[in-house]
Every structure is written in structure tokens, then in C-alpha cells.
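So you can see what is in the structure, the chains are spelled out below.
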Amino acid sequence: MSPRKKFNRSMKTREEKTLEKLVLGEAEDVIANLDKTKLKIKKTDTVKKKASANVQKKRKPVWTDNADLDETEILVPTRNARGMLSYVKTKTTYEKYSKELKDKFVYVHGTASWADLRKKDDDSDEILKRVGNFIVKTDDLTKGTIDISICKNLASNLDQSGSVTSLEFHPNAQVVMVANSKRNIFLRQVDGTKNLIIQKVLINDFPISCARFTTDGDQFIVSSYRYQHFYTYDMISGKMDKVQCDRKLSKFNLEKFHLSPDGRLMVISGKDGYIHVLSAKTKEFLYSNKMNSTVRGVAFSPDATRMYTHSDEGEVYIWDVRQKECLHKFYDEGCIHGTAIALARSEQYLATGSDTGVVNIYDTSSLLSSPTPSPLKIFLNLTTAITEDRKSVV
């Protein structure tokens, strides 16, 4: 058996030398790498020096609280060997404890941009550095903008036990009538600041559901859903009269009534689609018209020659007041249950409201030519039922 040859480090194969050169490199490469490491160390020292310089330039606090330097006991969260969280009382100052929390936050989340004191002020914050009026009123009202001024509430200082059921402005004076469900009627002077109460009228055992001024403004009429009679009040003499409806009328409801612009007619919405027309002066019954469903809204043209009615099933009827007949009817687009209707004073636009809060605006010139006209504008801003529409100056 031949003796084992001793291993000599100089006896390396060509392959080992090649691998050693690829992994470790030549002797010259090792020296070059040492030089690069020295350069990195120098750069790191330079960055640390700059950081320390920035720390030295730290802004001084505006004021100091001596209580921060006093020692106090605080609860510090710790975990035991089992990993269970517990709190240990430790004596320290608030300043040291605050610094520990800040360092922990920076370690986890980094420095927040808003907390960088070296950040220059943004020009966008200039508006926050001064006081004054930034909104200036202009005489030009842009399209799609409504200018609103908040005035004193018309229902303030009234009987709070009853809800407001009707509100009507006087046709000739700066007076408003506010009626509530507790039989009270208030006449107030409208000035936008005080709105003083001029007169208060009480009707015993008569829950008011509708109240309107006559066209000349000398009287106002009050009705109730509970009774088949209504009251007229003369504002000049202060006299109130009770008016019993004609016995010829059947199936009517005095929850709402409407007066024509010329002051000649008074319309009562009856049941089962009946529309009863009375004389506004004598309160005598004149005639009745009938729709296919319950009447929910009534509107007159400015000359009172035409009458528009809105039904519970979403149909709109156009009536000739002189001929006492229906000229045309159409379906209100997208309406399931109609609730209100109004006509512009120029008779150019017709507005309809529904129980879903949708308001449609129609051009009256195209209503008679189609059973399903398309509205010019649809308002979807409201989400509750439209209880009443009012005519505008357009």
C-alpha cells in the first residue's frame, strides 16, 4: 500500500485558479476595492456632518413650559416573556417621553412633509395669512347660480305647538300671511330684519289647511280638510264670515282651493277627479269638470282663459274656461303620482311636480300637439315630494 501524498497549496489545478480569479479577482482588484471603500466612508462622514449641522440649525421654540422638565410617572407599554402586553410605571420627564415617541414615529413612518420646518411657505397659504371679505357681490348673475340672502324666519315668535300649513304673500303690500294647524293666522310686515306681527286671527275648532289672499288683497279665505265650509276675512272691516258650500256639490275636499288671476273664479278640488268651479265674489256654484283621477294641482293662465290641472296618475289636463271643456291632455314624463303644477306669468313655461321630487319644465307652445311631450328641463335636485309649485316672473 503506497503512502498518502501530502497536499501542497502550490499544487492547484488550472480550473481552481480560474474560479479563484473570477470570485476574488486579481491582487490589483482587491487594492482598488479598498480605495472605493475608503471613499464611501468619507462620503458617509460628510453626510453625517451635514445632518448634524442641520440639527444645530433647528429652530428655537417660541415658548417653553417648565412643567415639561418636571419628573412625573407615566405608563409605558411593555411585553413579558410570554408576549403579553402590560404597563409599567416609569419616572421620566414629558420632554424625554415626547422625544422617544417622535423618534419611534420617524423610525416607523419616516419624517412627514408637513413637519419639515425647512420647507418654504407655499403661495397657496397666503389667503390664510390675512383677514377680510374674499367674496364680492356682483350685479351679473352667472348661469346656473342662485343668489340667496338669509332673512329673519317668518315663522319665528309664533305658536310653536302648530306646524305651518300655509304661507301667502299679499299681492299689493309687503305683508305675508302665515297659518298653522292650531287655528292661528298671523299677518306680518316683511322687512327682512324684524318682520313684526301686524295682526293675529284665531278661528276656534278649525285646523287650517289652506289660506289665500283674494286678487284685490282686501280679503283672505281660509279652508280646512275637516269641514265642508270655509271662512272669509275682511281685512278692512275686520269681519269674518262663514261660508257653507252649495249642497249641489258632492264628493269634494277643501284641503286646497285655488283662485283665478282675474279674481272671478274659485276652484275646489273634488274627489274622484271632480273639479268644482265657484264664483270668487258670491261663492256660488257655477259648474264642474271631471278628470280620470284625483286632482292634485290647479294653475290658471294670466288671463284666466285656460286652466291646467295635474292628476294623481300623472296626467295633465288643459281646459278652456269659457267653453268649459277639455282641450288636450298628456302624460307627465316619468311621473307616477302628480302633486303640483304651476304656470309662468308669460304662459311660456309649465312646471309639474311629483311625489318623487322630480320637477319637469315644459314649453306650452308644444303641449297641444303631442300626447307625450318632452320636457325642456328636468330637475332632480329634490328627493321628497313636491307639495306646491309657484309661478315665476318668467
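What counts, and where the lines are drawn
- Residues numbered from 1 in each chain as written.
- Predicted model: local features only at pLDDT ≥ 70, side-chain atom pairs only at ≥ 80, totals over all residues.
- Heavy atoms only, no water.
- Pairing = 2+ DSSP bridges.
- Helix = DSSP H or I, 4+ residues; strand = E, 2+ residues; numbered from the N terminus.
- Axes fitted to C-alpha atoms, helices over the stretch in contact; angles between N-to-C directions.
- Phe/Tyr/Trp six-rings, centres within 6.5 Å; stacked < 30°, edge-to-face > 60°.
- Buried < 20%, exposed > 50% of the residue type's maximum accessible area, 1.4 Å probe, protein only.
- Patch = residues over 30% accessible without salt bridge, like charges linked within 9 Å, V, L, I, M, F, W, Y side chains within 5 Å.
- Areas by Shrake-Rupley, 256 points an atom, 1.4 Å probe, with all protein chains shown as cover.
- Salt bridge = Lys/Arg side-chain N within 4 Å of Asp/Glu carboxyl O.

### Observations regarding the sheet that holds strand 3 (residues 164-169)
Reasoning step 1: Read across the sheet, 4 strands follow the order 3-4-5-6 without closing on themselves; strand pairing throughout is antiparallel. Every other strand in the sheet has two partners, leaving strand 3 and strand 6 (197-202) as the edge strands with one partner each. Ignoring strand direction, the axes of neighbouring strands in this sheet form an average angle of 15 degrees.

### Some thoughts on the packing of aromatic side chains
Reasoning step 1: Scanning all chains against the criterion turns up 6 aromatic pairs.
Reasoning step 2: Taking 5.7 Å as the distance between ring centres and 15 degrees as the angle between the ring planes, the aromatic pair formed by Tyr317 and Trp319 counts as stacked.
Reasoning step 3: With relative accessibility at 4%, the residue Trp319 sits in the buried group.
Reasoning step 4: Centre to centre, the rings of Phe330 and Tyr362 are 5.5 Å apart; their planes meet at 65 degrees, and the pair counts as edge-to-face. Taken together, the residues span a long stretch of sequence, with Phe330 in strand 18 (residues 325-331) and Tyr362 in strand 21 (residues 359-363) at a distance of 32 residues. Across this residue pair, the class does not change: Phe330 and Tyr362 are buried.
Reasoning step 5: Linked through ring pairs, Phe206, Tyr227 and Tyr231 together constitute an aromatic cluster.

### Some remarks on a nonpolar patch on the surface
Reasoning step 1: On the surface, a nonpolar cluster with roughly 330 Å² of combined accessible area is contributed by Leu75, Leu85 and Tyr87.
Reasoning step 2: Tracing the chain through its elements places Tyr87 in strand 2 (residues 85-93).
Reasoning step 3: Given a relative accessible area of 53%, Tyr87 falls into the exposed group.

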